[in-house]
Amino acid sequence: MWVLIIFIAIWYSSLFCQTFFQHRYAAHQAFTMNKFWERTFFIFTYITQGSSYLSPRAYAIMHRMHHAYTDTEKDPHSPEYSRNMLQMMVHTKQIYSRIYKGELEVEEQFTRNLPDWPAFDKWAHSTFSRICWMLAYIAIFLWLSPSLWWLLLLPFVFVMGPLHGAIINWFAHKYGYTNFKLKNTSQNLFSVDFLMLGESYHNNHHKSPTAINFGKRWHEVDPVYPVIRLLASLRIITLRTDKHKTKETLRK
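None of the values given here were measured: they were computed from a predicted structure.

Help me understand helix 3 (residues 56–68) in this model?
Residues spaced three or four apart along an α-helix face the same direction, because each turn holds 3.6 residues. Its 13 residues place the ends of helix 3 18 Å apart at the C-alpha level, agreeing with the 18 Å of an ideal helix rising 1.5 Å per residue. Burial within helix 3 is extensive, with ten of its 13 residues counted as buried. All buried positions along helix 3 are accounted for by Pro56, Ala58, Tyr59, Ala60, Ile61, Met62, His63, Arg64, Met65 and His66. Taken together, the buried residues of helix 3 touch helix 1 (2–27), helix 2 (35–49), helix 4 (85–100), helix 5 (118–124), helix 8 (160–171) and helix 9 (202–207).

Next comes the structure, spelled out in structure tokens:
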């Protein structure tokens, strides 16, 4: 039971950091935060993603490319050009690694206003760090597992961050329903997103990439949206709309 609880905790905490920090903040700038909080979320993302940590900067660039080139050969992760999800994940990893290492020439439109902490990324992204996390996961699972069968969950823990992205980028471009007719294959994977913290409302997201609420219909509950509202009320983050209102007030 404890192993399952830990797995679920890693699943949702890792996913929260990906959707809140790497996706909505780094890639789409749906809200802003000061340097202290940005670095706090860098560290929190590292703690929750562990061996599967993704650089927010490289993630943001790759995701912006996905929106610009959806369903084309330039899309970093399109099911249209992969035979299966594993092949797509390998291709995505190759693109991501080239972006992170600076080996891929990236257009200026994808590199504006990115969160960047090179020294931290160098450690969090290192092979040594990933191995340390893997050994820690193995030790915890061996300690708490009533049966060795539970160890079958470890491979999913090792690649948790990329796995979350692959689930959406594979399945939500193949299955589901659409609220908006767009020039791409994005779909809403679940009508009630209990699994992906709002990320499965992919058609909605492609319609309004900078929206802080991925849900559009009454049943499309985005669990991260109230958290964003709470953090905004605590002044940890500033919403785009709030910044606009402040500027309008200053003009008056």
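Would you take a moment to explain the environment of Gly165 for this structure?
You can see Gly165 is positioned in helix 8. Taking the relative accessible area as the measure of exposure, Gly165 reaches 16% and is therefore buried. For the pair Gly165 and His77, spaced 88 residues apart in the sequence, the C-alpha separation amounts to 9.2 Å.

Just to check I follow, could you spell out the nonpolar core for this structure?
A general feature of soluble globular proteins is that nonpolar side chains tend to end up buried together. Core analysis: the biggest nonpolar cluster contains 58 residues, and Trp11, Phe20, Phe31, Met33, Ile99, Ile228 and Ile237 have the highest contact counts within it. At twelve residues, helix 1 tops the list of elements feeding residues into this core. When neighbours within four sequence positions are excluded, Phe31 is seen to be in contact with Phe20, Arg24, Tyr25, Ile212, Ile228, Ile237, Thr238, Leu239 and Arg240.

Just checking my understanding: could you explain a nonpolar patch on the surface for this structure?
On the surface, a cluster of nonpolar side chains totalling about 520 Å² of accessible area is made up of Met1, Trp2, Leu4, Ile5 and Ile8. Assignment of secondary structure puts Leu4 in helix 1.

Mind showing me how you'd approach the side chain of Thr70 here?
Relative to the helices and strands, Thr70 is located in the loop between helix 3 and helix 4. A polar atom in the side chain of Thr70 sits 3.4 Å from the backbone oxygen of His67. Residues within four places of Thr70 in sequence aside, it is in contact with Asp75, His173, Asn184 and His206.

Would you explain helix 10 (residues 224–233) in this entry?
Here helix 10 has its buried residues at Val224, Ile228, Leu231 and Ala232. Burial along helix 10 is one-sided: seen end-on, the buried residues are contained in an arc of 100 degrees. Residues of helix 10 that are buried sit in contact with helix 1, strand 1 (31–32), helix 2 and strand 2 (238–239).

I keep staring at the pattern of salt bridges and nothing clicks. Help me out?
Side chains bearing opposite charge may pair, as long as their charged atoms lie close to each other. Enumeration according to the criterion identifies three salt bridges in this entry. Residue Lys35 pairs with Glu38 through a salt bridge whose shortest N-O separation is 3.3 Å. Taken together, the residues span about one helical turn, with Lys35 and Glu38 both in helix 2 at a distance of three residues. Using a relative accessible area of 47% as the deciding quantity, one classes Lys35 as partly exposed. Since its relative accessible area comes to 6%, Glu38 is described here as buried. Here Asp116 makes a salt bridge to Arg57, at a shortest N to O gap of 3.9 Å. Note that Asp116 is positioned in the loop between helix 4 and helix 5 and Arg57 in helix 3, a separation of 59 residues in sequence.

Rules of the game
Residue numbers run consecutively from 1 along every chain, following the written order of its sequence. Note on the predicted model: pLDDT of at least 70 is required for a residue's local features to be given, and 80 or more for side-chain atom pairs to be given and counted; whole-chain, interface and lining totals, by contrast, use all residues. With hydrogens and water excluded, all non-hydrogen atoms of the structure serve as input to the side-chain values. Secondary structure follows DSSP: runs of H or I at least 4 residues long count as helices, runs of E at least 2 residues long count as strands, and numbering of each begins at the N terminus. For a helix, the expected span equals 1.5 Å multiplied by the number of residues minus one. To sort residues, take the accessible area from a 1.4 Å probe on protein chains only and compare it with the maximum for the residue type: under 20% means buried, over 50% means exposed, and anything in between is partly exposed. Residues are treated as being in contact if the distance between any of their heavy atoms lies within 4.5 Å. The definition of a nonpolar core used throughout is a set of buried Ala, Val, Leu, Ile, Met, Phe, Trp, Tyr and Cys residues joined through side-chain atoms within 4.5 Å. Here a patch means residues that are over 30% exposed by relative accessible area and free of salt bridges, tied together within 9 Å if like-charged and within 5 Å if nonpolar (Val, Leu, Ile, Met, Phe, Trp, Tyr). The accessible surface values rely on the Shrake-Rupley method and a 1.4 Å probe; as for residues, cover is taken only from the protein chains in view. Within this document, salt bridges are pairs made up of a side-chain nitrogen of Lys or Arg and a carboxyl oxygen of Asp or Glu, the two lying within 4 Å of each other. Here a polar contact is recorded for every N or O atom pair within 3.5 Å, except that within protein the pair must consist of a potential hydrogen donor and a potential acceptor, and residues adjacent in sequence are included only if both atoms are side-chain atoms. Summarising the geometry, the arc corresponds to the directions from the helix axis toward the C-beta atoms.

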